Amino acid sequence: MQAIILVGGEGTRLRPLTCNTPKPMVPIANRPFLERMMTHLKSHGITDIILAMCYLPDRIQNYFGDGSDLGLKITYVMEPLPLGTAGAIKNIADQVELTDSVLVFNGDVLTDVDLGAMLDFHVERHSMATIALTPVEDPTPYGVVQRDAEGRVQRFIEKPGWDAITSNLINAGIYVIEPSVLRYAPPHLHFMFESGLFPVLLQVGEPVYGYPTNAYWIDIGTPQRYLAVHHDLLMGQIRMQFQGEARGNNVWVGADSIIDPTAKITGPVVIGNNCTIGRNARLTGPVVMGDGCTVGADCVLEDVVLWQGAEIHNQVMLKTCVIADHTNIGDNSWITNGAIIGDCVTVGSGNRLEHGIKIWPHRTIEPSTITF
Ligand code: GTP
């Protein structure tokens, strides 16, 4: 079976983390998100993967190559301009033979949905398009799907107001489609599933079904959800393997990392390769440190994701924040409360970055400049 993963979006809501890194390549516990996703597909026996690419494609292609290192066959299909989710699949069908029912994924969805059961559901109902549906507490930012008693879709409501909500099941961005439905998508034009192809299929009377699932599901599309994924993952809500030596008490330590004996590490904590943790530093999970990070003396880290090569000086407090590649954080700084620091940022000593502040890549904040 073929699986198509949509990886062409710019990921604007996840900026500044996606300024230099396409959303599918942002690390999830030190591995690109897309690698985690493909590993899930492989565990279901799906090894023939097609990537629909547009934004920063080289970063993706250079990392995965032909896929053989992961035991996969990866085909890359480029769009000259973003064609939207359904337009991207139409573009693929023009260039690659789609043999049978095809699985389609948004490239920002982390889930352990049972793909075999979803495919059986699709086949049993002779569905032309089946949409995985997941319950959420607040469906207003999403697309709600209304179904009849047999599960056949009657209506889509995009970003409904509270008065229009009749269901808390939203489109999970995972589909099984029959390639023949692509005849309803216009060639070379921007066309979306939710607002374009699916409503057309309903109009012409093609069978479209919703497959409700209570499996773990989250999309990593905003900084808050990116942090939430790490929280869930490290707290064991979804099973995944971490790299490094398991030291017990939910602490994993990568090769050649040095932890000062006075440092206190309380799991779940994942430490990459070649990291250094200084005197009396206190790490309280969930914490992830990418390869080559340094944490100085008397630092406090809690609910933090550090990408690679971060240099955290002494007496720094990092709490509920994300620090991207090769940042440098000066002594006595506090970065807390949803702050997101882009690649190669230098934060001088004594700054307080809080309240969801976002710092774009390559900025320098002079010492004691931001002290809310
Ligand atoms: P935002 O800019 O934050 O909305 O993120 P996004 O650009 O990724 O858009 P969205 O989250 O709505 O996209 C859902 C999935 O579809 C993501 O995996 C995107 O990479 C993918 N996607 C969105 N638009 C396109 C497109 O035009 N072409 C391709 N190939 N993929 C797309």
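Residues numbered from 1 in each chain as written. Predicted model: local features only at pLDDT ≥ 70, side-chain atom pairs only at ≥ 80, totals over all residues. Heavy atoms only, no water.

1. Focus: the packing of aromatic side chains
- Overall, the coordinates contain 10 aromatic pairs when judged by the stated rule.
- Measuring from ring centre to ring centre gives 5.0 Å for Phe193 and Phe198, while their planes differ by 20°; the resulting arrangement is stacked.
- The buried category is assigned to Phe193, whose relative accessible area is 0%.
- The exposure class assigned to Phe198 is buried, which follows from its relative accessible area of 0%.
- What links up through ring pairs into an aromatic cluster is the set Phe156, Tyr175, Phe193 and Phe198.
- Here Arg125 stacks its cationic end above the ring of Phe121, 3.8 Å away from the centre of that ring.
- Seen from the ring of Trp334, Arg352 lies directly overhead, with NZ or CZ sitting 4.5 Å from the centre. (Phe/Tyr/Trp six-rings, centres within 6.5 Å; stacked < 30°, edge-to-face > 60°. Buried < 20%, exposed > 50% of the residue type's maximum accessible area, 1.4 Å probe, protein only. Lys NZ or Arg CZ within 6 Å of the ring centre and 35° of its normal.)

2. Looking at the pairing of strand β10 (residues 153-158)
- As paired elements, strand β9 (residues 143-147) and β10 share five bridges and run antiparallel to each other. Opposite Gln146, over in β10, you have Arg155 as the bridge partner.
- Between β9 and β10, which follow one another and run antiparallel, lie five residues, and Gly151 among them has a positive phi close to 95°. (Pairing = 2+ DSSP bridges. Helix = DSSP H or I, 4+ residues; strand = E, 2+ residues; numbered from the N terminus.)

3. Topic: the domain arrangement of the chain
- Entries for the chain in the domain assignment read domain 1 (2-222) and domain 2 (245-365).
- Just the C-alpha atoms count here: the centres of domain 1 and domain 2 sit 33 Å apart.
- Counting residues at the interface gives 11 residues for domain 1 and 16 residues for domain 2.
- Both sides together, the interface formed by domain 1 and domain 2 hides about 1000 Å², and carbon and sulfur atoms give 67% of it.
- Three residues, Pro16, Leu17 and Asn30, lead the burial of domain 1 against domain 2; their summed loss comes to 53% of the area buried on that side. (Domains from an automatic or database assignment. Contact = heavy atoms within 4.5 Å. Buried area = accessible area lost by both parts, 1.4 Å probe.)

4. Examining the sheet that holds strand β21 (residues 294-295)
- In spatial order, the strands read β16-β19-β21-β23-β25-β27-β30; together these seven strands make up an open sheet with parallel pairing. Edge positions in the open sheet fall to β16 (258-259) and β30 (364-365), since each of these has one partner strand only.
- In terms of strand pairing, β16 meets strand β19 (residues 276-277) through two bridges, oriented parallel. Paired with Ile259 across the strands is Ile277, a residue of β19.

5. Quick notes on the environment of Phe105
- Positionally, Phe105 belongs in strand β6 (residues 102-106).
- Classification of Phe105 as buried rests on a relative accessible area of 1%.
- Separated by 69 residues in sequence, Phe105 and Ile174 place their C-alpha atoms 4.6 Å apart.
- Excluding residues that lie within four positions of it along the chain, Phe105 makes contacts with Ala3, Ile4, Ile5, Leu6, Met37, Leu41, Leu115, Gly173 and Ile174.

6. A look at the site of the ligand
- By nearness alone, 19 residues border the ligand, and Leu6, Thr12, Glu79, Gly84 and Gly107 come closest of all.
- Note that an oxygen atom of the ligand is positioned 2.8 Å from one of the side-chain N or O atoms of Arg13.
- Interatomic distance of 2.7 Å between a backbone N/O atom of Gly84 and an oxygen atom of the ligand.
- Taking 600 Å² as the accessible area of the ligand by itself, protein coverage stands at 84%.
- The dominant element in the shell around the ligand, judged by the number of residues it contributes, is helix α3 (residues 84-95), at three residues.
- Each residue belonging to the shell around the ligand can be placed in one class, and the counts come to six nonpolar, eight polar and five charged. (Near = heavy atom within 4 Å. Polar contact = N/O pair within 3.5 Å; in protein donor to acceptor, adjacent residues only side chain to side chain. Areas by Shrake-Rupley, 256 points an atom, 1.4 Å probe, with all protein chains shown as cover. Nonpolar A, V, L, I, M, F, W, Y, C, P; charged D, E, K, R; others polar.)

7. Quick look at the pattern of salt bridges
- Overall, the coordinates contain nine salt bridges when judged by the stated rule.
- For Glu10, the salt bridge goes to Arg15, with nearest N and O atoms at 3.0 Å.
- Glu10 sits in the partly exposed class, given a relative accessible area of 40%.
- For Glu302, the salt bridge goes to Lys319, with nearest N and O atoms at 3.9 Å. Here Lys319 lies in strand β24 (residues 317-323) and Glu302 lies in strand β22 (residues 300-306), a separation of 17 residues in the sequence.
- By relative accessible area, which is 28% here, Glu302 ends up partly exposed. (Salt bridge = Lys/Arg side-chain N within 4 Å of Asp/Glu carboxyl O.)

8. Structural notes on the nonpolar core
- Within the largest apolar cluster, 60 residues are counted, with the highest numbers of intra-cluster contacts made by Ile5, Leu51 and Ile174.
- Both of domain 1 (2-222) and domain 2 (245-365) provide at least three residues apiece to this core.
- Sequence-distant contacts of Leu51, that is, excluding residues within four places in its chain, are made with Ile5, Val7, Leu34, Met38, Ile60, Ile74, Thr75, Tyr76 and Val77.
- Ranked by size, the runner-up nonpolar core spans 34 residues in total, among them Val251, Ala263, Leu301 and Ile357. (Core = buried A, V, L, I, M, F, W, Y, C linked by side-chain atoms within 4.5 Å.)

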